[in-house]
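# Structure at a glance
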Amino acid sequence: MATFGTLSDRLTETFRNLRTKGKLTAADVDGTVREIRRALLDADVALVVVKEFTAKVRERALGDEVNKALNPAQQVVQIVNEELVHILGGEQRRLQFAKTAPTVIMLAGLQGSGKTTFAGKLAKQLEGEGHTPLLVAADLQRPNAVNQLQVVAEQAGATVFAPEPGNGVGDPVKVSRDGVEYARRQQHDVVIIDTAGRLGVDAELMKQAADIRKAVDPDEVLFVIDAMIGQDAVNTAKAFQEGVDFTGVVLSKLDGDARGGAALSVASVTGRPIIFASTGERLEDLEPFHPDRMASRILDLGDILTLIEQAQQAFDEDEAIKMAEKLATEAFTLEDFLDQLQQMKKMGSMKKMLGMLPGMGQMKQQLDDFDEREIDRTEAIIRSMTPGERRNPKVLNGSRRLRIARGSGMTVTDVNQLVQRFEQAAKMMKTVARGGTPNIPGMGAVPGMGRPGASSKRGKKAKSSGGSRSGNPAKRAAENAGVTSTATPTGSGFGLGGGAAQAPSEADLAEIQKLFGKS
């Protein structure tokens, strides 16, 4: 969600300053609203939307719900979150399917907005849900548009209806009408019509789109808009609403690095819901749009629900149970590790997944520095091993590691680091699988969360003997101190246990990073 990154950073910084205040005055609220207004305007959100949004936030922030709250700052964040959800459309709206097949979905938008790519993404998603979509090539103006749709349809595993070669040849209205009839005969239950666009709004574009709509009477007309289009997004959306009257909006290119706030204005200005968000170049990078989840992402509150849904789609439940059993019985091998890496790759970009975790906006630099190719390098090393070496890494002597390094295009040091990280990770996962708490290097044990009945030999000895019996006073004092620290942990890893809560240091974070990737 790089498009809203700048807006997210500005709003997060504003609320960070607000949390330092125990009680909010009218001046504090006005200052906060002023910063929110600047952040929204800088992000290209339409002025009319900004005025309405900030007015509602100010009115509610000065009301009793904040004045009587135990934590006024958090209450203001909640208000901003709720108002963001409102301008994003309120509740999620799904595709409306026709009672009698086929369901006709018409795509509209400017040239370059991503209509053809979205057609393939939608077809692939519908295929996965058990539908039989048909793509209709009605963009007969743009050079090679028909060919592009055929390529995208092949990648999505969908059928395409393209009776005309395009490149200025053919009647798009007739192709659209014939496509719906073809779908009815061939028993396709969904028809997706890819229409032509223009570099800008003009009368010819609107007439053609209106004629296609009149000819096929679609159940859904989806307006595809580039999230990086800028302030012109509102004017373009209004023009298409007047000319075609779309029923829903699709935000494309949300993975771009532009400000993108104008796209947030579309739902509020047109009154039409955002149904889908395109978050990458792959056909799998298409998400149903949830206004509440998007608002949480913008405010750096995370999007755990979407992360869970993606994990459920990528991971097989039966395989997950088998993997848990292997972890508990110490049967977890590099072959299993390789399977887990491949499952993770199915979920998409690691940066995108990590960005859905709450508070990750504060670790933006670490996310930017994360190398997605590290998983590929790890996979290359494991694939260069024999099946026996994957099942038993202890047989990896110097000559074997040199062979693996040459086969994977890596160094012996890389192979050594992978084996070491795997052993550490396997040990941690085995501890978790057995109900214990992993001892993360550099952070110690988490107090109060140890496995019931588990204790060190030193702890048992101390309990039975009442302490050290060494004749050396210095040694006895040291051993007794060790017993005390073992029996009664005083650390505060992850902010738990005795003492003040303390965040992990840079060294601690580096140690954790070594477990899962290169340092």
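The paragraphs below set out a description of the structure included in this document. (Residues numbered from 1 in each chain as written. Predicted model: local features only at pLDDT ≥ 70, side-chain atom pairs only at ≥ 80, totals over all residues. Heavy atoms only, no water.)

## Some words on the environment of Val48
- Looking at the secondary structure, you find Val48 in helix H3 (residues 47-61).
- Taking the C-alpha atoms as reference points, Val48 and Val269, 221 residues apart in sequence, are found 8.5 Å from one another. (Helix = DSSP H or I, 4+ residues; strand = E, 2+ residues; numbered from the N terminus.)

## Observations regarding the pairing of strand E1 (residues 103-108)
- Along E1, six of the six residues are buried, which leaves the element largely enclosed by surrounding structure.
- With burial as the criterion, each face of E1 is covered, one bearing Thr103, Ile105 and Leu107 and the other bearing Val104, Met106 and Ala108.
- Here five bridges tie E1 to strand E4 (residues 190-195), and the two strands are oriented parallel to one another. By the bridge assignment for E4, Ile105 is matched with Ile192.
- Pairing of E1 with strand E5 (residues 220-226) involves four bridges; the strand directions are parallel. Looking at the pairing, Met106 lines up with Val221 of E5. (Buried < 20%, exposed > 50% of the residue type's maximum accessible area, 1.4 Å probe, protein only. Pairing = 2+ DSSP bridges.)

## Looking at the packing of aromatic side chains
- Under the defined criterion, the tally for this structure stands at four aromatic pairs.
- Following the ring pairs from residue to residue traces out a cluster consisting of Phe223, Phe240 and Phe246. (Phe/Tyr/Trp six-rings, centres within 6.5 Å; stacked < 30°, edge-to-face > 60°.)

## Concerning helix H10 (residues 232-243)
- Helix length check: H10 (twelve residues) gives 16 Å between terminal C-alpha atoms against 16 Å at 1.5 Å per residue, within 8%.
- Residues Ala233, Val234, Thr236, Ala237, Ala239, Phe240 and Gln241 constitute the buried set of H10.
- One or two positions beyond H10, positive phi appears at Asp245, with a value near 60°. (Expected span 1.5 Å × (residues − 1).)

## Points about the pattern of salt bridges
- Enumeration according to the criterion identifies 18 salt bridges in this entry.
- Of the charged contacts in the structure, one is a salt bridge between Glu52 and Lys56, with a shortest N-O distance of 3.4 Å. Linking Glu52 with Lys56, this pair stays in helix H3, spanning four residues, or about one helical turn.
- According to the relative accessible area criterion, Glu52 is partly exposed, its value standing at 39%.
- On the accessibility criterion, Lys56 (28% relative accessible area) is partly exposed.
- Among the ionic pairs, Arg383 bridges to Glu379, the shortest N-O distance being 3.2 Å. In this pair, Arg383 and Glu379 are both assigned in helix H18 (residues 373-383), four residues apart and thus about one turn of the helix distant.
- Here the residues in one salt-bridge network are Arg60, Glu82 and Glu83, joined through shared partners. (Salt bridge = Lys/Arg side-chain N within 4 Å of Asp/Glu carboxyl O.)

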